[in-house]
Amino acid sequence: MLLDGKVVLVTGAAGGIGTATALLAAQEGARLALTDVSKDGMEATAEKVRAAGGEAVSLPADLTDGAAVNAMVAAVVAEYGRLDAAFNNAGVSGGQIGQGGRRVAEWDEDAFDRAIAVNLKGVWLCLRAELTQMQAQGGGAIVNTASLAGLTGFKTTAGYSAAKHGVIGLTKTAAIEYAPTVRINAVCPGYTDTDLMKDAKRRSGDTIMARIPSARLAQPQEIAEMACWLLSDRAAYATGGEFVVDGGYMAG
């Protein structure tokens, strides 16, 4: 199994890609620590893991608060004794914070700050705590969720795109600094059938579908497959990369 016996932390675990990755990681033998802003959703994912015969603990944390993130990682280590891999997946879209359809000059300042705080600062805070632990124990692997919006511009995504570009830059910098002890990569999902897509589908679903050569949205499980491979020892020579899973969108 890809992750047999490994302790894996998944943020944004209450739904979508986070839930799919937690379930696949458990299937591949991982012991899981899950966190999300939605305590009920996070625990529901943990229950699904347990029902399938896996092991999972729920650790609520505000990922924009450094002390809370440090405490979360400490709790993982207290529970399992180590942290082998982490999937920094938590994020919010512009639509989820009331900015759907707004161009750069139309975004609210508070909403822009929120997009950066969750999607970029939260990843950095998680990286900081995870790297400290992984360095101390002698190794590990980290995957950050970026986006196609971290690779190119998309209309009406100002705060989200800025943050996701930042995630890719942060990933590359950390990968250089911490190799060969810790591997750090980014996964860049294309349009995926999750709650983050609801606003975009409502406003411009037909336009989006016309740009995807595979003629469908990704399923969360398909992004999870890439994340779990990158977290596994089978990806031992992969670090500092941005791994696109987009049905051919960026090839057009």
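Scroll up to find the structure this text is about.
A quick note: this is a predicted structure, and the numbers were derived from the prediction, not measured.

Caption draft 1: Fine view of the pairing of strand β5 (residues 140–145). Most of β5 is tucked away: six of the six residues are buried. Side-chain alternation along β5 places G140, I142 and N144 on one buried face and A141, V143 and T145 on a second face that is also buried. Note: strand β4 (residues 85–88) against β5, four bridges, orientation parallel. Looking at the pairing, F87 lines up with V143 of β5. In this view, the connection linking β4 to its parallel neighbour β5 by way of helix α4 (residues 109–137) has right-handed handedness. Judged from the six bridges that link them, β5 and strand β6 (residues 182–189) form a sheet pairing that is parallel. Considered in β6, the bridge of G140 is made with V182.

Caption draft 2: How the structure looks around the environment of L230. Following the sequence through the fold, L230 ends up in helix α7 (residues 220–231). Judged by relative accessible area, L230 falls into the buried class, the value being 1%. Expressed as a C-alpha distance, the spacing of L230 and R183, which sit 47 residues apart in the sequence, is 8.8 Å. In contact with L230, not counting residues within four places along its chain, are A141, V143, R183, N185, A235, A238 and F243.

Caption draft 3: Up close: unusual backbone geometry. For the bond running from A179 to P180, omega is 0 degrees, close enough to zero to count as cis. By the secondary structure assignment, P180 is in the loop between α5 (158–178) and β6. We note that T156 has phi near 60 degrees; this positive angle belongs to a residue other than glycine. Checked against the element boundaries, T156 lands in the loop between β5 and α5. Located in the positive-phi region is A215, a residue other than glycine, with phi close to 60 degrees.

Caption draft 4: Highlighting the packing of helix α3 (residues 66–80) against α4. The N-to-C vectors of α3 and α4 enclose an angle of 35 degrees; their axes lie 9 Å apart at closest approach. Handedness of the α3/α4 crossing: right-handed. On α4, the residues touching G66, V69, N70, M72, V73 and V77 of α3 are L125, C126, R128, A129, E130 and Q133. In the contact of α3 with α4, the residues fall into seven nonpolar, three polar and two charged.

Thresholds applied
Residues numbered from 1 in each chain as written. Predicted model: local features only at pLDDT ≥ 70, side-chain atom pairs only at ≥ 80, totals over all residues. Heavy atoms only, no water. Buried < 20%, exposed > 50% of the residue type's maximum accessible area, 1.4 Å probe, protein only. Helix = DSSP H or I, 4+ residues; strand = E, 2+ residues; numbered from the N terminus. Pairing = 2+ DSSP bridges. Right-handed = clockwise from strand over helix to strand, strands pointing away. Contact = heavy atoms within 4.5 Å. Axes fitted to C-alpha atoms, helices over the stretch in contact; angles between N-to-C directions. Left-handed = near helix turned anticlockwise from the far one by under 90°. Nonpolar A, V, L, I, M, F, W, Y, C, P; charged D, E, K, R; others polar.

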